[in-house]
Every structure is written in structure tokens, then in C-alpha cells.
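Read off the chains here:
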Amino acid sequence: MLEIKNLHVKLEEEDKAILKGVDLTVETGKVHAIMGPNGSGKSTLSYVLSGRDGYEVTAGSAVLDGQDLLALEPEERAAAGLFLAFQYPVEIPGVGNMTFLRTAVNAQRKARGEDELSAGDFLKVVRAKAAALKIDAEMLKRPVNVGFSGGEKKRNEILQMAMLEPKMCILDETDSGLDVDAMKLVAEGVNALRSEGRSFLVITHYQRLLDHITPDVVHIMADGRIVKTGGPELALEVEQNGYTDILAEVL
Amino acid sequence: MAVARVRSAASEARLAGLVLPQGGAWLTAARGAALDRLTAMGLPGRRDEYWRYTDPTTLVAADPVPAALYDRGDEAPAFDAIDRLTLVFTDGVFDAAASDDLSLTGVEIVRLADAGARDIHWARELYGVLEARGQSPVARPLAALNSATATDGVLIRVTGKAAKPVSLVYRHAATSSDAVLHHCIKLEPGADFTLLESGPGAARFNTVTEVEIADGAAFHHIRTQGRDHERRVATHLFARLDANCRFKTFTLTANGVLTRNEAVVELLGDDSIAHIAGAAMGDGGFHHDDTVFITHDAERCESRQVFKKVLRHGAQGVFQGKILVKQGAQKTDGYQISQSLLLDDDCQFLAKPELEIYADDVKCSHGSTSGAIDDTALFYLRSRGVPEKTAQALLVQAFLVEAIEEIEDAAIAEDIRDRLQGWLARRMG
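An account of the accompanying structure is given in this report. (Residues numbered from 1 in each chain as written. Chains lettered and ligands numbered in written order. Predicted model: local features only at pLDDT ≥ 70, side-chain atom pairs only at ≥ 80, totals over all residues. Heavy atoms only, no water.)

### Side note on the overall build of chain A
Counting its regular elements, chain A contains ten helices and twelve strands. Against the compact-globule benchmark of 18 Å for 251 residues, chain A has a radius of gyration of 18 Å, which places it among compact chains. Counting only C-alpha atoms, chain A reaches 55 × 40 × 35 Å along its principal axes. Sequence-distant contacts, at least 24 apart, represent 70% of the contacts inside chain A between residues at least 6 apart. A total accessible area of about 10,900 Å² is found for chain A, and carbon and sulfur atoms account for 47% of it. (Helix = DSSP H or I, 4+ residues; strand = E, 2+ residues; numbered from the N terminus. Rg over C-alpha atoms; globule rule 2.2 N^0.38 Å. Contact = heavy atoms within 4.5 Å. Areas by Shrake-Rupley, 256 points an atom, 1.4 Å probe, with all protein chains shown as cover.)

Given below as C-alpha cells:
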């Protein structure tokens, strides 16, 4: 369970508050969606939770299954079960995708006191999971995300998620830059990972991703706060009427 | 390029004090000629344009600065797992007891110290000859000094495909050793030969290697310059290529107070290729200089220079690379990249890329960059659970990949990668 309480965050380099008291609880096994207009702080929330530099937490807490996330290094958060699917997956020339995946999987296993996967076992698992996402052997061999299309990059994020088997998955605008078919493929990958022990926080601008990944709870974020919470119907309301009415109602 | 040279009293005194080694009619003559060249040009000083970024004082002084012996612990020697013919030089002197027999199918190997007394015509036509050609348009006094004073080294002639690589292993035993080695390698038409070098093994080390490559021959050279922290090294690799040749050289340098590696390559026959690559890692008191001069004097030749340096804690890197395309060298394809990864704010990388082109149908490109580790990539790796130090090491290796890819032999490339990982684990782990 992810519990965020009264989270206040400002940019490190300037005196600009981005998150102004976020309260959010994602129960284990549930899928929550966060929608909101540009600049509402959705991506900042995902970065702060995963430990990116450049932000300063001025108040509040974020706890994953009893562990204080904000006290951990990014790699420790990952080992604790947190995963962020990036809005813009990073290209890393010179590092093979397979090397990257194996290093990550084994680093997390090691951090949790588990045995590392043998090369053979790893290969078997990665091939099966890659095939389900239509990621071919050639893509696995190439340097991480280098020369990948937008859709390939997002599928590669989901492959990493499938390999790392996190408890808490944050998807930051995973639908951006995807055509309908690519979005379906990504959504299927996500749905295959839904389970009782795994929670999701899906950040998106649009309802259409939520047609494929049905959320249990939908939150609306505006000006650094969760301003409204409801069921899947809330996303439909946004789709039909935009944010203006909702924001006028709550602010 | 005319390079102004500045004569100093110290240089004059040092040259006047040189005593040439004796032994062998043709060698004595070659040494005398080299001394004449050296006397005419003088020793390099800090005010020479070609030594602007690297201080040659300790390389030209009468005596070497002592260097503590380095204990490499349980680290395996370079190329340990490679099937090779090993020749050992301790403090610059051939160590027959530690070496394999000088016998290899398709390869003739003679120790330089034994060669003077014999009339080996091919060696005679090579010793000091490529070095002398390489003195223009830029003077290389340390190479002439080497030709004049070297007493040991190997002369290798390859007539076919060598059964295995020849591996020159340099061991350091005395803290004040001053080694001067001179190697000559002649590849007959169609020959195929790999030279490995590991070391260096002396407080001060000056090597010249002259390589003549005849039509259709292939020469591969992979060198590791070890981690002896206090050593000082100047190397020169002179190569002359006929038609349809392949020439590939790669150097891995880790540490050392001072390293200057010069490569001087002439492409004289059509359709040949020359690739010169280097990966250097310096931490602390480290100065590493790659100086390259490639002359295209034939059609449809390809040259590639790929140099990467990883610097930390005040380490300095230098790259001086030139491509000269002569009139008539049409369809030349020249590429040059020099890059440094600066791991902190204390280190420095100085690059001087030069192109001089007199043919009108050529493709030449060059680039030079300096930068820090990409924070975004670092965060991406960490967000996947990779610890910061491991992530940094992975990104350093990724940075060096393009240079290491120049090694064709998979087993040798693996050996180099292992060495690199060992260094990163010790230094960054």
C-alpha cells in the first residue's frame, strides 16, 4: 500500500512550490488513475516518489508498505518494489538492453538478499516476456532505447516492469506518443501484470488509456493537490466536459 | 605544418653527453644517422608547439625519475588466456629465461641485440627508416633518440598467416630503470599478424615500433599500458601501408604519471585501411597524450581515429590528431573522434584536431567532446535498482565501447573489457 500524506514539494533551484499537500492512498492490488491539466504536478509526483534529483520535499510523507520512500536512494526505492514507467524513456548508447535488464534484475535480487538469476534462466524469462510484448531479439540486443520508436520505448518500459515485478507501478503518461494499436499492446502488457499483490498509479491526460486499463479509483489533480476523487465515471466526465467545470466546482 | 623548435642549453648538454651503444656494423651506422637527425632537431621543450600540452622535461632528462614498483595483487596479467608467443623484457632487457622460444611458423623473430652482428637485409632497410620518414613535417626527437640509443627490441618478419600472436611483456623490476626498446616488423604480401604488448615495465620507457605492411597484409596491434602509477612512457608507432592492407591498433591505458603515445601512419597504396583507437582511464596524477598523424597518399583509403578518455581527480588528457590528405588521394574516407568523460570538475581535456586536405573528392570528418556522466541516464539506471556506483561504471564502459569495438579478435576484446571492469571496480566500486 502506498500512502502519501500532505506532500509538499518545491523545485530545488528556485522557490517554486509544485506539490501543495498531496494526500493519496493506493491500496494493494488496486489501480488508481491521476488525471489533471498540464502543470498540475502529476509528473513531479512521479519523479519525487522515484527519487529524482532537483526537488525538495518541504513537508509530508510517502510510505510504501511501511517503508519511508523519501529516506531512500532511487535504487533502494526500486528494491523496495517501486517502479516508474517513464514518460520519456532514456536512451543509453553503449549499454545493451539485455545487459541493462539483467543488471537491474540481479541488483534488485541482491538488494533483497535473493540469489542472482543465472544467465540461462534470465534468458528464458526475458524471451518469454518480450515475446508477449512483441519485442524481438534484435530489440533486446540493441543499446537501451537507442533508435527505438515511441511505441517500442514504451513497450520496453513495460518489459522492464514485467522483469522487475514491482509491488507499486507508476505509469507516467505511458500513452503519450502512442497510436491506438501501440496503446492497446502496452495496456495488455499492463493488464497482464495486474494482480492482488500489485498496485498501479496511472498518470494520464486522457480517458482513452483508461478504456484499456480500467481503474478502480480516479483522482483529479490540480495546482499541486488531489482535488477530486471518484470511480471510473469521473474519467468519462473529464473526457466529455474537460477540466474546467470540475475545477470551478472544487477550487 | 612548420613547427618552430627552440634549442636550449640543457638540450645541447644532454645530446653532447649521449654515448651510442656499440655492436654491429649496420646498426652502428643507423644509430649514427639517428643521432645526426636528433642533433639537428634538438630535444623537445615545453615551448615547442608539438609539446604545448605535455611537458617533456622528465622524458628527455638524463636520468629517469624513480618509480615505485607496482603490486598488481591477484589481478591476472594481460592476455593471460590468449594463446600467444610470449617475449619478456625486464626493465627493457630481453629475458630469455622467461620467454618462449623465438620460433613461430610463418614468422621470423630476431632479438635486436643479436641482429647487429648479422646482415639481416630486411631489418636494415627498416630500422630507423620509418622513424626518419616520420620526422617530417613534424619533428619527433624522442623517436630519433630511441633509434640512436636502443640496444634491445625485436625484429619480426611475417611471411604468411602467423600461427598465433606475438606478445611482448614488459616487466618493471628496478625503481630507476630507463628502458629504450626498438621493434621492427615487416609484413610480406598477404601476411597476417597480431602483436600484443603489455606493460610498461620501467620507471621510464621509450619505445619505437616500425611496421612495414606490404600489399594485402593485415596487422593487428593491441596494447595495454599497465597501472604502474608512477611510470613515464613515450611510445611511437610508425607504419607504412601498401595497397589493400589492414592496420588496426588499440591501446588501453590505465594510470601512469605520464604517457605520450604517438602514431604516425602513411597510406601509400590504394584501398587500404588504418584504424587507430585508444581508451584511457586516469585517476589522480595522470597525464595522457595521444598524438596521431595520418597521411593519405593513395586513393580510396579509409582511416579512423577513435580516442576516449575517462578522467577524474585532476587527471589530464590530450589529443592531437591530424589527417593529411595529399593531392591525388581521391575518395579518401577519414574519420576522427576524440572524447573525454570528466568525472569531476578538477580534470582537463585538451584536443587539437586538424585536417589538411589537398584532394577535392574526399570525405573527412572530425569531432571532439568533453562532458560529464549523463544524469538522466544515471537516474534511469538507478530507478531500475542499479546502485549508483554500478550505474556509473556501466556508463563509463558504455562511453568506451566505440574504441574497444576496434578490436577484431573477440577473445582479446574480452580480455580488454575484463581489465577495464577490474579497474572500474577498484576505482569506482
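Read on, since the account is not over.
### Topic: the interface of chain A and chain B
Contact with chain A, which involves 28 residues of that partner, is made by 17 residues of chain B. It is Glu-75, Phe-86 and Val-90 of chain A in chain A that bury the most area against chain B; as a group they hold 27% of the surface buried on that side. In this structure, the connection of chain A to chain B is made through three salt bridges. For the pair chain A and chain B, the interface holds ten residue pairs in polar contact (both at pLDDT 80 or more). Secondary structure elements with two or more residues in the side of chain A that touches chain B: α2 (74–79), β6 (82–85), β7 (92–96), α3 (97–111) and α6 (150–164) of chain A. The greatest single-element share of the side of chain A that touches chain B, amounting to six residues, is contributed by α3 of chain A. Among the residues making up the side of chain A that touches chain B, the classes are represented as 16 nonpolar, eight polar and four charged. (Buried area = accessible area lost by both parts, 1.4 Å probe. Salt bridge = Lys/Arg side-chain N within 4 Å of Asp/Glu carboxyl O. Polar contact = N/O pair within 3.5 Å; in protein donor to acceptor, adjacent residues only side chain to side chain. Nonpolar A, V, L, I, M, F, W, Y, C, P; charged D, E, K, R; others polar.)

### Topic: empty space enclosed by the protein
One simple way to see leftover space: roll a probe sized like a water molecule over the atoms. Residue and element names in this part refer to chain B. Evaluated as defined, the whole model comprises six cavities of 30 Å³ or more. A volume near 90 Å³ is recorded for the largest cavity. Lining the largest cavity we find 14 residues, and of these Arg-223, Thr-251, Asn-261, Ile-276 and Phe-307 sit closest to its centre. Broken down by secondary-structure element, the contributors of at least two residues to the lining of the largest cavity are β11 (246–254), β12 (258–267), β13 (273–283) and β14 (287–296). (1 Å grid on protein atoms, 1.4 Å probe; cavity = no way out; pocket = protein on both sides within 12 Å on 5 of 7 lines; lining within 4 Å. Points joined across faces, edges and corners; volume = space filled by probe spheres on them.)

### A short note on the layout of surface pockets
Considered as a void within the structure, the largest pocket measures approximately 840 Å³ in volume. Lining the largest pocket we find 32 residues, and of these Thr-99 and Thr-103 of chain A together with Leu-394, Gln-397 and Gln-421 of chain B sit closest to its centre. Counting only elements with at least two residues in the lining of the largest pocket, the list comes to β7 and α3 of chain A together with α9 (388–404) and α10 (410–428) of chain B. Looking at the lining of the largest pocket residue by residue, the classes come out as 15 nonpolar, eight polar and nine charged. Empty space within the second largest pocket amounts to approximately 510 Å³. Lining of the second largest pocket is provided by 26 residues; of these, Arg-72, Pro-77, Ala-78, Tyr-170 and Gly-199 of chain B occupy positions nearest its centre. Contributions of two or more residues to the lining of the second largest pocket are made by β5 (166–171), β7 (192–199), β9 (218–225), β11 and α10 of chain B. The element contributing the most residues to the lining of the second largest pocket is β5 of chain B, with three residues.

### Remarks on the packing of aromatic side chains
Tallied over the full model, the rule gives eleven aromatic pairs over all chains. The structure contains a cluster of three or more aromatic residues connected by ring pairs, namely Phe-86 and Phe-100 of chain A together with Phe-379 and Tyr-380 of chain B. Note that Arg-52 of chain A overlies the ring of Tyr-47 of chain A, its terminal NZ or CZ placed 4.5 Å from the centroid. We note Arg-260 of chain B situated over the ring of Trp-51 of chain B; from NZ or CZ to the ring centre the distance is 3.7 Å. (Phe/Tyr/Trp six-rings, centres within 6.5 Å; stacked < 30°, edge-to-face > 60°. Lys NZ or Arg CZ within 6 Å of the ring centre and 35° of its normal.)

### So, the sheet that holds β14 of chain B
All names here are of chain B. The strand order across the open sheet formed by nine strands is β3-β4-β6-β8-β10-β12-β14-β16-β18, and the pairing between neighbours is mixed. Sheet topology places β3 (107–111) and β18 (348–357) at the edges, where each strand pairs with a single neighbour. Ignoring strand direction, the axes of neighbouring strands in this sheet form an average angle of 10 degrees. In this sheet, β14 lies alongside β12 in parallel orientation, the contact comprising ten bridges. Bridged to Glu-266 within β14 is Thr-295. Against the sheet, helix α7 (residues 141–149) makes contact with β6 (178–187), β8 (204–213) and β10 (232–241), and its axis sits at roughly 90 degrees relative to β8, the strand it touches most. (Pairing = 2+ DSSP bridges. Axes fitted to C-alpha atoms, helices over the stretch in contact; angles between N-to-C directions.)

### Things to note about the environment of Gly-226 of chain B
Residues and elements named next belong to chain B. Within the secondary structure, Gly-226 sits in the loop between β9 and β10. Taking the C-alpha atoms as reference, Gly-226 lies 9.5 Å from Tyr-170; in sequence the two are 56 residues apart. Discounting residues that sit within four places of it in the chain, Gly-226 has contacts with Arg-72, Gly-199, Pro-200, Arg-231, Ala-254 and Asn-255.

### Section: the pairing of β8 of chain B
Residues and elements named next belong to chain B. Within β8, ten of the ten residues are buried, leaving the element largely enclosed by the surrounding structure. On β8, burial covers both faces: Arg-204, Asn-206, Val-208, Glu-210 and Glu-212 on one face and Phe-205, Thr-207, Thr-209, Val-211 and Ile-213 on the other are all buried. Relative to β10, β8 runs parallel, the two being bridged by ten bridges. Paired with Glu-210 across the two strands is Phe-238, which belongs to β10. (Buried < 20%, exposed > 50% of the residue type's maximum accessible area, 1.4 Å probe, protein only.)

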